[in-house]
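Reading the structure
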Amino acid sequence: MPELPEVETIVVELNKSIIGKTIAHIEEYRKNTIYADESLDLGKLGAINEISRRGKYIIIATDRNCDLIIHLRMTGKLILADLTDPSAKHTRAIITFADKTKLMFDDVRTFGTIHILNRDNRHEILCRLGCEPLSPDFNYGTLKQLLERRKSSIKSFLLDQRAVAGLGNIYVNEILFACGISPHRAANTITEKEIRLLVTKTRQILKIALEHNGTSISDYRRIDNKTGSFQNFLKIYGKDKCLCGHQVKRTKSSGRSTFHCPKCQKEKEV
DNA sequence: ATTGCTTCCTGAGCGC
DNA sequence: TGCGCTCAGGAAGCAA
């Protein structure tokens with residue numbers, strides 16, 4: 001499940017490997033994978049000159065003012081290859097470069113998308129996203145203001161991309177455990193001290209995960225098909241017992257697995 | 001306005 | 001061996 005550290009890892013690796021390459025053609029192998037502006041000729045998108053990330057979106061920009069905006073959802077992968085891998089059963093699209101190398105978009109569960117559009121329309125995809133947790137905008141003041149009027153749980157707040165962009169289920173579980181806050185707490189009951197802790201721990205966990213090239217629980221792979229290694233450092237997600245030996249409680253909230261330790265994570269503000 | 005449920009999809013893992 | 005069931009999950013879309 002690619003979240004911010006996984007997407008950022010892919011962006012860093014793409015920046016080392018496909019900058020300057022000219023897009024020769026793009027083929028879609030499954031419907032509803034590519035959404036392209038009708039006015040664009042996919043054989044004339046130009047050469048790649050910048051690759052960046054916003055939330056969980058990968059933005060590949062070309063020198064002809066076009067953007068490829070990719071979302072991997074749960075099982076999407078971008079794999080750089082010289083030849084098409086015949087064992088890849090779930091290739092949804094292939095971007096072929098002028099030098100004959102290929103960037104393959106694999107996606108078992110088919111929810112991932114590639115939007116191809118003129119740069120002027122970039123905001124149509126990105127405008128709904130909230131603040132970046134690794135940017136200075138993610139601070140006590142911003143968070144306090146956002147949390148005040150939220151009645152939903154702190155977990156659903158952190159998962160809401162319109163509030164904070166880039167966090168997913170695994171990191172939200174880890175962040176709340178690190179802060180000692182129960183995922184079931186109402187967002188507007190988070191105290192000043194806890195907000196400051198949320199800012200610090202979120203940044204810390206994302207940075208460490210990034211140093212380990214992200215978390216590979218099942219599907220996430222880097223562009224050379226290698227796994228990340230932060231799964232070895234998870235403290236609550238998928239665990240039976242927390243570090244202190246307490247039983248971890250597993251629940252579901254809005255369809256997602258939630259792990260928390262009732263002893264280490266406060267159910268109520270103090 | 002805000003919130004939370006349903007939907008999309010496939011493969012792994014399980015019990016029988 | 002194979003069947004049917006459950007689970008994994010991001011975010012759009014919709015209903016309350």
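All of these numbers come straight from a predicted model, not from anything done at the bench.

1. Description of the packing of helix 5 (residues 169-179) against helix 6 (residues 192-211)
- Direction vectors running N to C along helix 5 and helix 6 enclose 130°, while the axes themselves pass 9 Å from each other. Classed by the angle they form, the pair helix 5 and helix 6 counts as oblique. Here helix 5 runs over helix 6; the crossing is right-handed. Residues Tyr-171, Glu-174, Ile-175, Leu-176, Ala-178 and Cys-179 of helix 5 touch helix 6, and the partners they reach there are Leu-197, Leu-198, Lys-201, Thr-202, Ile-205, Leu-206 and Ala-209.
- Of the residues that constitute the contact of helix 5 with helix 6, the class distribution is 10 nonpolar, 1 polar and 2 charged.

2. Side note on the protein's contact with DNA strand C
- Taken together, 15 residues sit near DNA strand C, with His-71, Arg-109, Tyr-237, Arg-250 and Lys-252 positioned nearest.
- When the atoms of DNA strand C within 4 Å of the protein are sorted by group, sugar and phosphate make up 62%.
- Here Arg-73 contributes a side-chain N or O atom positioned 2.9 Å from a base nitrogen of DNA strand C.
- Between DNA strand C and Gln-161, the relevant distance is 3.2 Å, taken from a phosphate oxygen to a side-chain nitrogen or oxygen of the residue.
- Among the secondary structure elements, those contributing two or more residues to the surface near DNA strand C are strand 10 (249-253) and strand 11 (256-260).
- Residue classes in the surface near DNA strand C are distributed as 4 nonpolar, 5 polar and 6 charged.

3. Some details on the domain arrangement of chain A
- Each assigned domain of chain A is listed with its residue range as follows: domain 1 (4-126) and domain 2 (140-260).
- Distance from the C-alpha centre of domain 1 to the C-alpha centre of domain 2: 28 Å.
- Contacts between the two partners involve 19 residues from domain 1, matched on the other side by 18 residues from domain 2.
- Carbon and sulfur atoms supply 62% of the area buried between domain 1 and domain 2, which totals about 1600 Å² over both sides.
- If you look at where domain 1 meets domain 2, you find 1 salt bridge.
- Where Glu-13 meets Arg-222, a salt bridge forms, and the shortest distance between an N and an O atom there is 2.7 Å.
- On inspection of domain 1 and its partner domain 2, the count reaches 7 residue pairs in polar contact (both at pLDDT 80 or more).
- At the level of secondary structure, the elements contributing two or more residues to the side of domain 1 that touches domain 2 comprise helix 1 (4-17) and strand 6 (76-81).
- Considering every element that reaches the side of domain 1 that touches domain 2, the biggest residue donor is helix 1, with 9 residues.
- Of the residues contributing to the side of domain 1 that touches domain 2, the split by class is 8 nonpolar, 4 polar and 7 charged.

Procedures and definitions
Residues numbered from 1 in each chain as written. Chains lettered and ligands numbered in written order. Predicted model: local features only at pLDDT ≥ 70, side-chain atom pairs only at ≥ 80, totals over all residues. Heavy atoms only, no water. Axes fitted to C-alpha atoms, helices over the stretch in contact; angles between N-to-C directions. Helix = DSSP H or I, 4+ residues; strand = E, 2+ residues; numbered from the N terminus. Parallel < 35°, antiparallel > 145°, perpendicular 65-115°, else oblique. Left-handed = near helix turned anticlockwise from the far one by under 90°. Contact = heavy atoms within 4.5 Å. Nonpolar A, V, L, I, M, F, W, Y, C, P; charged D, E, K, R; others polar. Near = heavy atom within 4 Å. Polar contact = N/O pair within 3.5 Å; in protein donor to acceptor, adjacent residues only side chain to side chain. Domains from an automatic or database assignment. Buried area = accessible area lost by both parts, 1.4 Å probe. Salt bridge = Lys/Arg side-chain N within 4 Å of Asp/Glu carboxyl O.

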